[in-house]
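# Summary of structural features
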Amino acid sequence: LYIDASSGSPVLYMIGEDAEGTNYLFHGVNLVTKAIVLSVKADIKETAYKVEDFIVSNDGNMYVGGYMGDGLASIDLASGARWRTGRGTGINQIEGMIESDNNTIYIGSYGSADLLKYTKDPLEIKRIARLRVTYDQSRPFAWALAAGKVITGTVPDYGLQGGALAVINP
């Protein structure tokens, strides 16, 4: 959920598949007027991998991570231009993301419960924590910004109980 800077109204962004199930559609709905303010056909080639998580950034891009994925992709919502990180970046299946400022996105990656920091300029991907080994966590899942900090809640490793709360001071 984002606040549209031009109108001040909340906009809910959603992802779905077209009727054939072969393409993704991204929609933004103004929650006050109930009007669709954005509708983009992603033209992502059909694959065994599905979108796992996405965010809409202040830079006009939608950042997307795939189920069993390797990296981060983006779609410019105005031009349709696409971008993707190279393989082997350390970003596995993305379970959650949050934009902390206009240049930084924090990413939670499944597998080792990695917390990653992606900066746009200069482009850099840096792992800042691995929560699986030390804390028996499976994936960072829920994200929030509070008091200048980035906060994520995790899901424990399979068969265990008790998630963790990680606080990142940017």
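These numbers were taken from a predicted model, which means no experiment stands behind them.

Procedures and definitions
- Residues numbered from 1 in each chain as written.
- Predicted model: local features only at pLDDT ≥ 70, side-chain atom pairs only at ≥ 80, totals over all residues.
- Heavy atoms only, no water.
- Helix = DSSP H or I, 4+ residues; strand = E, 2+ residues; numbered from the N terminus.
- Rg over C-alpha atoms; globule rule 2.2 N^0.38 Å.
- Buried < 20%, exposed > 50% of the residue type's maximum accessible area, 1.4 Å probe, protein only.
- Contact = heavy atoms within 4.5 Å.
- Areas by Shrake-Rupley, 256 points an atom, 1.4 Å probe, with all protein chains shown as cover.
- Lys, Arg positive; Asp, Glu negative; His and termini not counted.
- Charge placed at Lys NZ, Arg CZ, Asp CG, Glu CD.
- Pairing = 2+ DSSP bridges.
- Axes fitted to C-alpha atoms, helices over the stretch in contact; angles between N-to-C directions.
- Salt bridge = Lys/Arg side-chain N within 4 Å of Asp/Glu carboxyl O.

## Considerations on the overall build of the protein
The helix and strand inventory of the protein stands at 1 helix and 15 strands. A compact globule built from 170 residues would reach a C-alpha radius of gyration of about 15 Å, and the protein, at 16 Å, matches this within 12%. Seen through its C-alpha atoms, the protein measures out along the principal axes to roughly 45 × 40 × 35 Å. Looking at the protein residue by residue over its 170 residues, the buried ones come to 39%. Relative to all contacts within the protein whose residues are 6 or more apart in sequence, the contacts with residues 24 or more apart total 31%. Within the structure as shown, the protein displays about 9200 Å² of accessible surface, and the carbon and sulfur contribution to it stands at 53%. In the protein, 15 side chains carry a positive charge and 19 a negative one; their mean positions are 4 Å apart.

## Examining the sheet that holds strand β11 (residues 114–119)
Strand order in the open sheet made by the 4 strands is β9-β10-β11-β12, with antiparallel pairing throughout. Of all the strands in the sheet, just β9 (94–101) and β12 (124–130) have a single pairing partner and so form its edges. For this sheet the average axis-to-axis angle between neighbouring strands, irrespective of direction, equals 20°. As paired elements, strand β10 (residues 104–109) and β11 share 6 bridges and run antiparallel to each other. Each bridged residue has a counterpart across the sheet, and for I105 the counterpart in β11 is Y118.

## Considering the pattern of salt bridges
Going through the model one piece at a time under the given rule, you end up with 5 salt bridges. As a salt-bridge pair, E99 and K120 come within 2.9 Å of each other at their nearest N and O atoms. Remark: K120 occurs in the loop between β11 and β12 and E99 occurs in strand β9; sequence separation between them is 21 residues. Each member of the pair, E99 together with K120, is buried. The residue R130 makes a salt bridge to D114 at a minimum N-O spacing of 2.8 Å. Residue R130 is located in strand β12, and its partner D114 is located in strand β11; the two are separated by 16 residues in the primary sequence. Through salt bridges with shared partners, a single ionic network connects D59, E99 and K120.

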